[in-house]
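Examining the three-dimensional arrangement
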Amino acid sequence: MFKFLPDAQIKWKHVWVGSLVTAFLFEIGKFALGLYFGKLNPGEGYGAAGSIILIMLWVSYSSMIVFFGAEFTRAYADFISGRVAPTDTVKTDIQPVSN
């Protein structure tokens, strides 16, 4: 997903590092949310809609982790290899940054 969705030429070695970091964060968060849902029961105050609230919390957390993983992959690729080049299909009016 981190390799094919962005309009950038990202190397596989950068994608693997970003994927591993994302998977690690996802597992930590899954454990933490399991504790949070089990001990504090955040959906209790919503009555019958409590399960919907828990699903919304899980989807929100999962989305944030995936987006953070994508940003980490980009930042890692920029740090290791310099600026990531866009693909040929990208149309931009932004002038390149000169160093």
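Residues numbered from 1 in each chain as written. Predicted model: local features only at pLDDT ≥ 70, side-chain atom pairs only at ≥ 80, totals over all residues. Heavy atoms only, no water.

1. Quick notes on the packing of aromatic side chains
We apply this condition: Stacked, tilted and edge-to-face pairs are distinguished by plane angle, under 30 degrees for stacked and over 60 for edge-to-face with tilted covering the rest, among Phe, Tyr and Trp rings (Trp via its six-membered ring) whose centres lie within 6.5 Å. For the purposes of this entry, the term helix denotes a DSSP run of H or I that reaches at least four residues, the term strand denotes a run of E that reaches at least two, and both are numbered from the N terminus. Each residue gets one of three labels from its accessible area relative to the maximum for its type: buried under 20%, exposed over 50%, partly exposed in between, using a 1.4 Å probe on protein chains only.
Taken as a whole, this structure holds six aromatic pairs when the rule is applied. Between the aromatic rings of Phe26 and Trp58, the centroid separation amounts to 5.6 Å while the plane-to-plane angle is 70 degrees, which identifies the pairing as edge-to-face. With Phe26 in helix H1 (residues 12–39) and Trp58 in helix H2 (residues 50–81), this residue pair connects regions lying 32 residues apart in the sequence. Exposure remark for Trp58: the relative accessible area of 29% places this residue in the partly exposed category.

2. Quick word on H2
Defined as follows: Given the number of residues in a helix, its expected span is that number minus one, multiplied by 1.5 Å. Working rule for contacts: check all heavy atoms of both residues, and any pair within 4.5 Å makes them a contact.
Helix length check: H2, at 32 residues, gives a terminal C-alpha distance of 46 Å against a target of 46 Å (1.5 Å per residue), a fit within 8%. For H2, the full list of buried residues reads Gly50, Tyr61, Ser62, Ile65, Gly69, Thr73 and Ala77. Buried residues in H2 make contact with H1. One or two positions beyond H2, positive phi appears at Gly82, with a value near 90 degrees.

3. Thoughts on a nonpolar patch on the surface
Going by this rule: Only residues whose relative accessible area exceeds 30% and that form no salt bridge are eligible for patches; like-charged ones are grouped when within 9 Å, while nonpolar side chains (Val, Leu, Ile, Met, Phe, Trp, Tyr) are grouped when within 5 Å. The accessible surface values rely on the Shrake-Rupley method and a 1.4 Å probe; as for residues, cover is taken only from the protein chains in view. Whenever a carboxyl oxygen of Asp or Glu lies within 4 Å of a side-chain nitrogen of Lys or Arg, that contact is scored as a salt bridge.
Together, Ile52, Ile55, Met56 and Val59 line one region of the surface with nonpolar side chains, adding up to about 390 Å² of accessible area. Topologically, Ile52 is positioned in helix H2. Residue classification places Ile52 among the partly exposed positions, given a relative accessible area of 46%.

4. So, the environment of Trp16
Tracing the sequence through the fold places Trp16 in helix H1. Separated by 57 residues in the primary sequence, Trp16 and Thr73 have C-alpha atoms spaced 8.7 Å apart.

5. Focus on the pattern of salt bridges
All chains considered together, the criterion is met by two salt bridges. Among the salt bridges present, the one from Lys30 reaches Glu27, with a minimum N-O distance of 3.3 Å. You can see Lys30 and its partner Glu27 sitting in helix H1, three residues apart, about one turn around the helix. Glu27 gets classed as partly exposed once you look at its relative accessible area, which sits at 44%.

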